[in-house]
Amino acid sequence: MHNTSLKLSLASIMLLGFAFQGVSQDKKKEGKIDNSEVNVTKEQKKVIVPPPVRKLEKMVTPPNTVPRPPLRFLFSEVPNNGRITEISNQVQMPVNPVTPVQLSKYNNVIRAGFGNFGHTYLEGHAGIAVGQENYHGIYVKHNAYRLGPIGANYSGESDNQIKVHSRTQFNSVKLEGSLGWKRKGFYYYGYQPKVYSFDKETIFNSLNKFNFDGTVSNTSKTSPIDYVFRSKLSYLFTKVGANELLWDAGMSASFPLTDKLSANFDGQMVLAQSQDSLTTYRNLYKLVPNFKYKDELFSVTLGVMLANSKEKTTENETYVLPILKADYQLMDGIKLYAGYEGDVMANNLTTILQENQWLGRFQTLKPTRKLSDIYAGVKANLYGGLSGELKGSYATYKNFYVLNNSRTDSTKFEILYSNDTTKVHVTSLSGQINYEIPQLFRSSLLMDYYIYGNLGNLKEAWHRPAFKATWSNQYLIREKMLVTSDFYVLTGLKGLNGQTNQQVTLNPIFDLNLKFTFFISERFDVFLSANNILNKNYQRYLYYPVQGANFLAGLSFSF
């Protein structure tokens, strides 16, 4: 009965929630929600867990058909939320990041290419604009490697997806979102010793995901209340038999009380029905009422998070976590900030598989509580295109988790949590430096350093790095060739063979990638990508090496 009512509720929300994610909103007077869209024309490098094979290409769906603005850097105070920090080893497809002006008028594109390791690549987007604010489109992608880093075709991978998206604006309301399907196929190839004399289908798995994302937002400049409603509904199922129905919905609202003081409200609801050997129902509710005062020099936010984590038969816990944030404009271009806050993370099957696709079956899922996070930092927007940020944080967690090789099968991974009496401490220092010459050159360096303390029963922070860095550059040469480089560093990784109880220190990761895009005409360009140029078969996760040097060459047609 519970199962049926949950599915009916989610189906109703899908029919009613016709608006979609990715809100773009005009800036309003102080005290209103800042959810304005920042058009960065090259996708920011995220640190993501590398897949079993090297992925060379990714394309971002063009947001609209209006000319792209100058490049801007988006600063974010990255939350230390207890999730596994990740590294990207992908050479991203540039979506005209610093391209000639005449090339930016085409938002429909088809790209195709071939590479070593039996790599086939096809990606495309087509859409239609109705006026300045309404847009509807479709996106498709095929990216596959027939051969992998070891065992020939025992470690290949495929990634296929299709998505339709839409944006519609009325007088004072904007509706945005997408409906899509994605399938990822891969192998559990981390065998010790590496003997592949069996049917490869016995180690094959696939992740299939249907998802709907929607957002409804207020765009009226004269409305006294600003709001945004968000809804994400997905259904994930795997070849090995696990599945999860997940609904993540939320809202934010702001009510200006005076010119400088506003009352704000944020809410989130995460409902998950996971099925493996057993069916579990897990819910997380979060309410964050707060007040914000802001003038020309400083702002202060004071509030509280009320969170309730519930599992159908075993858990029903309520938490109260304080929130205090402040910033001060020290001088023109220099801002200091500090804060104290907590949080609760749901840790669902869908999100964990995004971190490590080789997760084994029958995993215990628990929420992670960030009891406190004390942080301080400084942001600087200097002259001459130079900007930067430095942040320090000291956070305390309960149910802190790591991913490590299973104690029964080293080719699969399991979730390990700190015990109930342990409060894990994570000290971090993060920084980023950006430099830009508009429409010519852009460089970004991001670094993070972590210290994990009081791990209790975990012994070590398995597969979590002590240091990671990403250095990305783009250089446009005479409006005819775009050169993109990415260099990744990841150190301090440790794994544990659960069957032998042997600790393994993984080699440092140094990953250099280059891409060259030649603009033949307004509509045609050719590209050549070289990934893992240093030719290192490093392991992000124990017993899972990545591909060595690999290449992709292809052609793009814009229309």
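Just above sits the structure.
Because the structure is a prediction, the values reported are computed rather than measured.

Draft legend 1. Examining the environment of V300 more closely. Among the structural elements, V300 can be located in strand β11 (residues 298-311). Given a relative accessible area of 30%, V300 falls into the partly exposed group. Spatially, the C-alpha atom of V300 lies 9.8 Å from that of A338, the residues being 38 residues apart in sequence. What V300 contacts, discounting residues up to four positions off in sequence, is F291, K292, Y293, L324, K325 and A326.

Draft legend 2. Broad picture of the pattern of salt bridges. Going through the model one piece at a time under the given rule, you end up with nine salt bridges. Between K286 and D343 there is a salt bridge, and its shortest N-O distance comes to 2.9 Å. Here K286, found in strand β10 (residues 279-294), pairs with D343, found in strand β13 (residues 334-345); they are 57 residues apart in sequence, far enough to count as distant. The same class applies to K286 as to D343, namely buried.

Draft legend 3. Broad picture of the layout of surface pockets. If you add up the space inside the second largest pocket, you get close to 480 Å³. Lining the second largest pocket are 29 residues; nearest its centre among them are D276, L278, T280, Q363 and L365. If you list the elements that add at least two residues to the lining of the second largest pocket, you get β9 (261-275), β10 and α2 (349-355). Broken down by element, the lining of the second largest pocket gets its largest block of residues, four residues, from β10. Looking at side-chain class alone, the lining of the second largest pocket contains ten nonpolar, 14 polar and five charged residues.

Draft legend 4. Fine view of the pairing of strand β3 (residues 134-145). Relative to β3, strand β2 (residues 119-130) runs antiparallel, the two sharing twelve bridges. Across the sheet, residue H125 finds its bridge partner in β3, namely Y139. Adjacent in sequence and paired antiparallel, β2 and β3 are bridged by three residues, among which G131 carries a positive phi angle near 80°.

Draft legend 5. Structural detail: the nonpolar core. In terms of nonpolar packing, the biggest core is built from 25 residues, with W358, L359, L403 and I415 touching the most fellow members. Elements represented by at least two residues in this core include exactly β5 (173-187), β6 (204-218), α2, β16 (401-405) and β17 (413-417). L416, V426, Y452 and L496 belong to the second-largest nonpolar core, a separate cluster that totals 15 residues.

Draft legend 6. Summary view of the pairing of strand β1 (residues 109-115). Both β1 and strand β28 (residues 550-558) contribute to a ladder of seven bridges, which runs antiparallel. Residue pairing in the sheet places R111 in a bridge with S556 of β28. The sheet contact formed by β1 and β2 spans seven bridges and is antiparallel. Within the sheet, the bridge partner assigned to F114 lies in β2 and is T120. Counting the residues that bridge the hairpin from β1 to β2 gives three residues, and of these F117 lies at a positive phi of roughly 60°.

What counts as what
- Once a new chain begins, its residue numbering starts again from 1 and follows that chain's sequence as written.
- Per-residue local features of the predicted model are confined to residues with pLDDT of at least 70, and side-chain atom pairs are confined, for both listing and counting, to 80 or more; whole-chain, interface and lining totals are unaffected and use all residues.
- Heavy atoms throughout the structure, all of them, feed into the side-chain values; hydrogens and water do not.
- Elements are defined by DSSP. Helices are runs of H or I of four residues or more, strands are runs of E of two residues or more, and each kind is numbered from the N terminus.
- Classification of residues uses two cut-offs on accessible area relative to the type maximum, computed with a 1.4 Å probe and protein chains only: under 20% is buried, over 50% is exposed, and between them is partly exposed.
- Residue contacts are counted whenever heavy atoms from the two residues lie within 4.5 Å of one another.
- Salt bridges, as used here, are contacts in which a Lys or Arg side-chain nitrogen is within 4 Å of a carboxyl oxygen on Asp or Glu.
- Buriedness for pockets is judged along seven lines, at least five of which must meet protein on both sides within 12 Å for an open set on the 1 Å grid over protein atoms alone, while cavities are sets there where a 1.4 Å probe fits but cannot get out, and lining residues have an atom within 4 Å of a point.
- Grid points are joined across faces, edges and corners, and a volume is the space filled by probe spheres set on the points.
- Throughout this entry, Asp, Glu, Lys and Arg are counted as charged residues, while Ala, Val, Leu, Ile, Met, Phe, Trp, Tyr, Cys and Pro are counted as nonpolar. The remaining residues, Gly among them, count as polar.
- Strands were regarded as paired on the criterion that DSSP finds at least two bridges between them.
- By convention a nonpolar core is built from buried Ala, Val, Leu, Ile, Met, Phe, Trp, Tyr and Cys residues, the set being connected through side-chain atoms within 4.5 Å.

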